[in-house]
Amino acid sequence: MSESDLPVPSIPNARDAVRALRPSQIREVANAGFGVDDVLPFWFGESDRVTPAFIRDAASAALTAGATFYTHNLGIAPLREALASYVSELHGATSPDHVAVTSAGVNALMLAAQLVVGAGDRVVAVTPLWPNLVEIPKILGAHVETVALGYGERGWQLDVEQLLTALTPATKMLMINSPNNPTGWVMSRDDQRTVLEHCRRHGIWIVADEVYERLYYADGAVMADGARARTAPSFLDLAARDERVICVNSFSKAWLMTGWRLGWIVAPTALMDDLAKLVEYNTSCAPSFVQQAGIVAVQQGERFTQELVRDLRASRDHLVRALSAVPGVDVKAPSGAMYLFFTMPGAARSLELCKAMVREVGLGLAPGSAFGPQGEGFVRWCYACDTARLDAGVERLKRFLAQHGTV
Ligand SMILES: Cc1ncc(COP(=O)(O)O)c(C=O)c1O
C-alpha cells in the first residue's frame, strides 16, 4: 500500500471546550495597530515602569548563587513564611501551612479552579471581569453564570441580593475579583460578610481574586489615626483559614513584577497536599531565583508599594480630571485597581471604536466588550504611567472625536 492510499485523516481539533474559549479582544485591537508607527498603549494591565532595582538585584544575586534548581511544589519555605507574615499583618493570623506559591495570579486561578470544579459544575462570576476568570472554569467543563454589576451615579455597584439569588445551593464556586479589573469596583466589607455567610450555608466555594488589594485608594475611608487603609477589604479579614475560601494573589501589581510570574494562594491546609499534586502536574514549581526575589519584595517592599499607590492615585485623579473635560465622556474615579472604565461617543460598539482609535490616532484602549457583554458601551484605560503620557493620550482621544464630528 502506498502512502497515498492511506485514508485522509480528519482535521485535528482541540476539545470543544477549548475551541469555544473567547479569543482576546484586546489582542484584536493590538493587531489592528500593527503598522501604526506611534501607538500609545494603555490597553494592557501593567505599569510602564520596570520592577524596582532592589528586587531585580535580589534575583541576580540568587542566580549568581546558583538558585537554578526545582523547589518544593508549594514553594520554598522562607517565601511561604515571608508571605504568611505579610498576610498575617494585613488580614490576621495565617500560618505558612495555609500558603502556596504559584506561577503568578493566573496560574493560581487555574489551580484554584482545578481544585474544586469539574465538568458540569455550576460556577458564578461577577462581571464585567477580566476574561480569564470566566474562561478558566470553562476549560474544565464547568458552566459559568454571570451576575452583572450595575453602573450609575455612584459608579459600579453590586446588587448583592441578585448575587445571592444566583448563588443557588447547586452552585459549586463563586469567582469574585475585588478590586475589580476592569471597573475598579471594590466590594464592601458588608457585602463580603453577606456573601460569605450565604456561601457557608450552602457549601459554596469562594475563589477571591485579590491581586489588586494593595491598589486601593480608600478615598472616603481614612482611619482613626489619619492613615489610609493599606489594603482593600478582603475575604481573609472575615473567613477562618480552614473554610471554603481560596484567596488568590500576585506579585505582578503591588511590586510591578508582571513578567516574573510569581503569585500565591491562601487556602485551607486540608487542600495543600492535593494542591501540591496539581502544581506538580502544571508547572512543578515557580522558578527558584524568582522565589528568592519574592522574599525580598514582601519583606522590603512596603515603602515601594505605598509610594506606587500614591503615584497611581495621582495618575487616576489626573486622568479623571482630563477626561471629564471632554464632551461626551462620562468617567468616575473608582477606589481600586489601575483602570478607568468609562463611556464615550462610539463606545456602544467598543471593539470597532478601539480598533479605529488605534488605527487613526495611535491611541490604544481596551474595548469594554473584552470583559464580557456587560462591559459593552465602555472602554478601559490603564493609567499606570506618568501624567505627560496620559495627557498625550487625552489629546489623541480629542483629536479622534473631532475628526468624527462628535465634539
Ligand atoms: C483580575 C486579575 N486577576 C489576576 C490577574 C493575573 O495577573 P498575574 O498572572 O500577572 O499575576 C490579572 C492580571 O491582569 C487580573 O487583572
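Bear in mind the structure is a predicted one, so any value in this text is a computation, not a measurement.

Thoughts on the environment of T258
And step 1. Considering the arrangement of structural elements, one finds T258 in the loop between β9 (245-250) and β10 (263-266).
And step 2. Sequence separation between T258 and G105 is 153 residues, and the spatial gap between their C-alpha atoms is 9.6 Å.
And step 3. When neighbours within four sequence positions are excluded, T258 is seen to be in contact with E46 and S252.

Comments concerning helix α8 (residues 189-202)
And step 1. Under the 1.5 Å per step criterion, the end-to-end length of α8 is 20 Å for 14 residues, consistent within 8% with the ideal 20 Å.
And step 2. Taken residue by residue, α8 has Q192, V195, L196 and C199 as its buried positions. Along the axis of α8, the buried residues cluster in a sector spanning 105 degrees; they form a single face. Exposed positions of α8 whose direction lies more than 90 degrees from the buried face are D190, E197 and R201.
And step 3. Turning to α8, the residues buried within the fold contact α7 (160-166), β7 (171-177) and β8 (205-209).
And step 4. Two residues or fewer past α8, G203 is found with a positive phi of approximately 65 degrees.

Focus: the domain arrangement of the protein chain
And step 1. Each assigned domain of the protein chain is listed here: domain 1 (12-50 + 303-400) and domain 2 (69-300).
And step 2. Domain 1 puts 30 residues into the contact, and the matching count from domain 2 is 34 residues.
And step 3. Those elements giving two or more residues to the side of domain 1 that touches domain 2 turn out to be α1 (16-19), α11 (302-324) and β11 (339-342).
And step 4. In terms of residue count, α11 provides more of the side of domain 1 that touches domain 2 than any other element does, six residues in total.
And step 5. For the side of domain 1 that touches domain 2, the per-class residue count stands at 14 nonpolar, nine polar and seven charged.

About the thresholds
Residues numbered from 1 in each chain as written. Predicted model: local features only at pLDDT ≥ 70, side-chain atom pairs only at ≥ 80, totals over all residues. Helix = DSSP H or I, 4+ residues; strand = E, 2+ residues; numbered from the N terminus. Contact = placed C-beta atoms within 7 Å. Expected span 1.5 Å × (residues − 1). Buried ≥ 20, exposed ≤ 12 C-beta atoms within 10 Å, placed from the backbone. Arc of directions from axis to C-beta. Domains from an automatic or database assignment. Nonpolar A, V, L, I, M, F, W, Y, C, P; charged D, E, K, R; others polar.

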